[in-house]
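Descriptive analysis of the structure
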Amino acid sequence: MHHLSSFRDFRLWRFAPVGVLVLFAVSAIYLSAILLRDQRDIGRSFQFDVTSVTSQALVKSLRLQVALTELEMSAGRGDPTEAQLRYDILVSQVRTLQSGYTTRLFANNPALLPPEKAFFSAVEAAGLLMPSIQQPGVPARIIGLLRPMDGPLFNLAALAYSVESNLATTSEQRLGRDHWRLTGLLAALVAYGVLLVGLLFRRNRLLSKAHVTLREFADSLRQKGDELTVANHAVRVANAELSVRNAHFHAALENMSQGLCMVDADQRLIVCNRPFVTMFHLEPATAVPGTALGALAFTPALRDEHLRLSEQRRPAAFVYEPAGERALAVSHRPLPDGGWVATYEDVTERRRTEARIAYIAHHDELTGLPNRTQYRQRIEEVLALPRGSDEKLSVLLLDLDHFKEVNDSLGHSAGDALLEVVARRLRACTRAADLVARLGGDEFVVIPEYTHSAREASRLAERIVQAIGEPYEIDSKRVLVSVSIGIAVEPAAGASAELLLKYADMALYQAKANGRATWCFYEPEMDQKVQMRRAMSADLADALRLGQLEVHYQPVIDLARRRVAGFEALLRWRHPERGLVPPMQFIPLAEETGLITVIGEWVLRQACLEATTWPDHVRIAVNLSPRQFHGSNVALMVEAVLDQTGLDPGRLELEITESLLLQDGDDVLAALRELRALGVGVVLDDFGTGYASLSYLRKFPFTKLKIDQTFVRGMELRDDCIIIIDAVAAMARRLGMMVTAEGIETEEQLAIVRDAGCNLGQGYLFGRPAPSMEATRLIARNLDQDAEPQLAG
Amino acid sequence: MLLPVIGRRAMLGCAASLAFAQIAGALPALLRKPAGKPILTVSGKISQTNDGGVARFDAPLLESLGTASFITSTPWYDHPVQFEGVRLDRIMQAVDAKGETVRATALDDYASELPVSDFAKFGTLLALKVGGQYVSVKDKGPCFIIYPFDRFPELANSKYYSRSVWQVATIDVF
C-alpha cells in the first residue's frame, strides 16, 4: 500500500509542475506582451523629439527673422532667396508640428494649443506677405508678425520639454515596473526552477525508492523464480518419479492375480485391470475409464450389491458363489470421494480346498464318517436345541473287540478294509439323521437323533452288536469281530456333552469287563466305581513311596521230594484305611496306569534281594505284567536288578501270562529270548485258559508251564481235567519244560498231579502267600527236614 | 528569326556590351552638369565630379541614375506614403564614392552621419517625390533621405529616424 500511495503522489507531483509551467508560460506571454507594448509605446514616444521640433520651430523662426532683417537692411537690393528659403523651411517645420504625434501631444495638453495656434496663424499671415518681401517694409512687417511668437514658442518648447521629460520619467517608471515585473517573473522562474529541481530530486528520490522497491521486487521475483525453478525441477523429478511409480502401479495392477475395479461417485469407472476384464468376460474396448458401470456387461447381482454398499458407504468382504460358476472373493471399500474400489479373487479352488479341509477335519478319511471333532460339536448342538421331555440324547460308544488281533494277523490294509465294512454296517443300522462317527482306531460313536427311552437305545445297541458280529470277508478270508457298546442316556435335564461321554466311556469299560460283544448302560454306580478306582489309583501311586507295598511269598514245592523248591513273589498292598487290598483290585489298576512298571521292578528287586538270603537251590519266581514289556526294555531292567542284587540269574524265574503273548508277537519273542539269554527262566502262567496256547509253546522259549488252578480244582469233578493235566505234563516233559500245578489244596489233588507227572506244585496245601519271614522259616524247616527225611504236614 | 551565321558571335558580343552598358547604368565616363538649379551637392572622397571636385545634381540628373520607390510609414506622416527617388547606393556609385561614411546636411543645417553600408543594405532612398508629387522645401523637400521602415522593422527607432534627413542639401563622403 505504501508503494501505491507514493505512486499516487508521484502522479500528482508530475502534473503539478506542468500546471505551474503553463502558469508561467501564460504570465511570461502576458509580461512580454506588456513589455512589447511598453517598448512600442516608449519607442514610439521617443521616435519623435517634440521638444526638438518645437524648439526648432523657434530657431527657424528666428533665422527667418534674421534673414528678413538682412533683407530689410539691404533696402530692396538684397537677395530674397535666403529669406524665401528660410520661410519655406519654417513652413515645413510648421507642417511637421501639425502632423502626427505632435498633434496628439498637443491634444493631450490643451494648454499648448493656443500658442501653437497663434504661431500657425502668424506664419500663415507671413506667407501672404512673402511674395512681396522685396518691397521695403514688408520684411519688417513679417518680422513684426513673427517676433511676438518667439516667447510663446519658447514656452511651447519648454512645455514640450517638460511634457516629454514627464513622459520620460513615466516611461522610466514603466520600464522600472516592467523591470520589476520581469525580475519578479525571473525570480519566480528561478524559484520555480528550484522547485522543479526540488521536485526533480523528490521525484528522483521517489524513483530511487521505487527503483529500490522494484529491485527488491525483482530480487524477490528472481528468488521466486529460482525457487520456482527448483520447485519446477522438483516437480519434474517428482513427475518423473510419479511416472515411474505410475508405471510400477500399472504393472502391479495388471500383474496382480486379483481383478480390480475403481469407481467414482457417479458410478463411472476410474480404473480397472486386465484380470478384472478377463474375469467378467468384458470387452476390453468397453472397459475404459469414464464408462458408466451400468454400461459394462458386469454381473447384475454383483453390481447391485456394490451399489447398495456404495449408498451405505460400508466396506464389505464377501464371497460371491453363484451355482455352477467360479467363486469370487469380493472386497468392497468405499473411497473418501464417494466412489468405491473393489477387488475380486477367484477363490474357487480355495473354496474347494477349504471345503475339503473342513470335510477332512470333520470326517474320518477311511470310512467317510464324521470324526471326533464333529461329533463333539453335534452333541453340543443337540444339547442346545429345545427338545421335548421325551426327546433325549443318548450316546453309544462302540469299541471293536479283538480288532488288534485282526490287524496283526491279517495286516493293516485288511484292518482298514474291515473298518470300512464296519462303518457301512453301522450306517445301515442307523437312521439318516443319526450321527455315526469314528473316533479313531476301532472306536465309533453313535448318537441317535432322539432317544425316547432306554429300551429304544438298548434295541439299537442289540442291532449293532448283531450286525457287527456277522462274519466279514476280507481278502478272501473270513474274519470275525465283535463290538462292545457303552450307552449313556441323557438324564433328566442339563447334562453336558462331557458328562455323557464320560458315562458312555464308563459303560463301555463295563461292557468290556462283562465279556465283550455286549452292551451296557451307564449306571450311577459306575461313576462311583470310577471314582473309587481313581482314588485307589492315586493311593497306589503313593503306596510304593509310602512303603505300603509288601512282597509275600508262596512256596512252590518239589512234588517228588516234598520240599521247597522255590517261592512265588506276590505283591500285597497294606493300605492304612483300606487294609489289605485284594490284588485283583489293584493289580489291574497298576497295569492300566502303568505303575506296574515301577512297582514290578520294585517287586523284582525285593524278591531277588530276599532270594539272595535263601539257599541256592531255592528259586524265586516273579510275575511280569505284559504292561512291563511296553516301551521299556524288560531284559535290561532284569539284568540291572540281577546286577544290583547279585542274584544268580539261574535262580530267577519270570512268569508271564498268555495275554502278553497276544501282543506284538515278535517284540515279545525277542524280549523273552533276551531274558533267556540272561540265564533267567521264563514261565508260562495260567496255562490252558488262553487263546491258542499251543502255538506259543512252539514259538517261545519257556522253561516251565504252570497249569491253571481251575484244572486242578476241577479235577475232582471232571475227568477231562485230569486228562488235560496228563497231556500237558507229558507234553511239557517231552518239550523239556517243567510243569507246576497250581491251586493244590488237598492231598488227593497232590497225588493226582504228581502221578500225572507234574514236577512242582503250588497251593494252600503247601502254604499261603506270606511275608518273607515265613518263607525264611519254611526254608529253615525244610533244611531241618533234609536232615530228617520226612515231610511235616 | 534568321541570324546570319557568321555574324552570331559578333551580335552576341554587341548585345552583351549593350546590356552591360545598360546594367552598368550610368557609369558614363563623365558626369554631366545639371541643367537646372542643383538641389544636391555630393562632395568628399569622390572621383566623379562635375563641378570642381564636387558633384552637383538637379532632379532630372538624379533621376537619370535610375529611380526606385517604396511605400513606408514614417513618424512625420500620419499614413504610409510612397517615396520615390534615387537609391543612395546608386548615387554613391555615380560619384564613385570611396568613403565609408557620409554626412548629410539639411537646408536648416541639421546634419547626420550615415554609414555607406546602410545604402546597399537597406536600399536607402533619396526621395524626390512623396506621394507621387515632387516635394518642395515647405514639404521637407527637395530631397529626403528615407529608410524603408516598414520593410526593415529594426529601422523604426530614433537612430534611423535621425538619419532620415529631410531637406537634404549636401552629402559629404568621408
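Look up: the structure comes first, before these words.
This section reports on the structure supplied with the text.

Cut-off values and rules
- Residues numbered from 1 in each chain as written.
- Chains lettered and ligands numbered in written order.
- Predicted model: local features only at pLDDT ≥ 70, side-chain atom pairs only at ≥ 80, totals over all residues.
- Helix = DSSP H or I, 4+ residues; strand = E, 2+ residues; numbered from the N terminus.
- Buried ≥ 20, exposed ≤ 12 C-beta atoms within 10 Å, placed from the backbone.
- Contact = placed C-beta atoms within 7 Å.
- Pairing = 2+ DSSP bridges.
- Axes fitted to C-alpha atoms, helices over the stretch in contact; angles between N-to-C directions.
- Nonpolar A, V, L, I, M, F, W, Y, C, P; charged D, E, K, R; others polar.
- Parallel < 35°, antiparallel > 145°, perpendicular 65-115°, else oblique.
- Left-handed = near helix turned anticlockwise from the far one by under 90°.

1. Looking at the overall build of chain A
Looking only at helices and strands, chain A features 25 helices and 21 strands. Out of the 793 residues belonging to chain A, those deemed buried represent 30%. Within chain A, contacts between residues at least 6 apart in sequence are counted, and of these 63% link residues at least 24 apart.

2. Quick notes on the sheet that holds strand β2 (residues 269-272) of chain A
Residues and elements named next belong to chain A. Judged by pairing direction, the sheet is antiparallel, and its five strands sit side by side in the order β2-β1-β5-β4-β3 without closing on themselves. Edge positions in the open sheet fall to β2 and β3 (316-320), since each of these has one partner strand only. Averaged over all adjacent pairs, the angle separating strand axes in this sheet is 15°, with direction ignored. In this sheet, β2 lies alongside strand β1 (residues 259-263) in antiparallel orientation, the contact comprising three bridges. The residue bridging M262 from the neighbouring strand is V271, located in β2.

3. Quick notes on the sheet that holds strand β6 (residues 394-401) of chain A
Residues and elements named next belong to chain A. Strand order in the open sheet formed by five strands is β7-β8-β6-β11-β12, with mixed pairing between adjacent strands. Two strands lie at the open edges of the sheet, namely β7 (435-440) and β12 (519-521), each paired on one side alone. Ignoring which end each strand starts from, the neighbouring axes of this sheet average 20° apart. With four bridges joining them, β6 and strand β8 (residues 443-447) adopt antiparallel strand pairing. Residue pairing in the sheet places L396 in a bridge with V446 of β8. Where helix α13 (residues 454-469) meets the sheet, its contacts fall on β6, β11 (482-489) and β12, and the angle it forms with β11 comes to roughly 165°.

4. Re the interface of chain B and chain A
Contact residues are listed per partner, giving 15 residues for chain B and 15 residues for chain A. Of the residues belonging to the side of chain B that touches chain A, the class tally is six nonpolar, four polar and five charged.

5. Examining the pairing of strand β1 (residues 40-44) of chain B
Residues and elements named next belong to chain B. Relative to strand β2 (residues 55-57), β1 runs antiparallel, the two sharing three bridges. Paired with V42 across the bridge in β2 is A55. Sheet topology places β1 next to strand β10 (residues 168-173); four bridges connect them, and they run parallel. Looking at the pairing, G44 lines up with V173 of β10.

6. Let's talk about unusual backbone geometry
Among all residues save glycine, negative phi is the norm, and among peptide bonds the norm is trans. A cis geometry characterises the amide bond from G141 of chain B onward to P142 of chain B, with omega recorded as -5°. By secondary structure assignment, the location of P142 of chain B is in the loop between β8 (133-134) and β9 (144-146). Even without a glycine there, the phi angle at A517 of chain A is positive, about 55°. We note that D109 of chain B has phi near 75°; this positive angle belongs to a residue other than glycine. Of the residues examined, D109 of chain B has 11 C-beta atoms within 10 Å and is grouped as exposed.

7. Some details on the packing of helix α2 (residues 50-73) of chain A against helix α6 (residues 138-255) of chain A
Any two packed helices are characterised by the angle at which their axes cross and by the distance between the axes. All names here are of chain A. Here α2 crosses α6 at 160°, and the two axes come no closer than 8 Å. It follows from the interaxial angle that α2 and α6 lie roughly antiparallel. Here α2 runs over α6; the crossing is left-handed. Looking at the contact of α2 with α6, its residues break down into 19 nonpolar, six polar and four charged.

8. What to know about the environment of A169 of chain B
All names here are of chain B. Among the structural elements, A169 can be located in strand β10. A sequence separation of 60 residues divides A169 from D109, and the C-alpha atoms of the two residues are 8.8 Å apart. When sequence neighbours within four positions are dropped, the list of residues in contact with A169 reads T41, T105, A106 and L107.

9. Description of the environment of A97 of chain B
All names here are of chain B. Looking at the secondary structure, you find A97 in the loop between α3 (88-94) and β5 (101-106). Residue class for A97 comes out buried when judged on the 25 C-beta atoms lying within 10 Å of it. Spatially, the C-alpha atoms of A97 and F174 are 8.6 Å apart, while their sequence positions differ by 77 residues. Here A97 is in contact with K45, I46, M92, V116 and V173, once residues within four sequence places are set aside.

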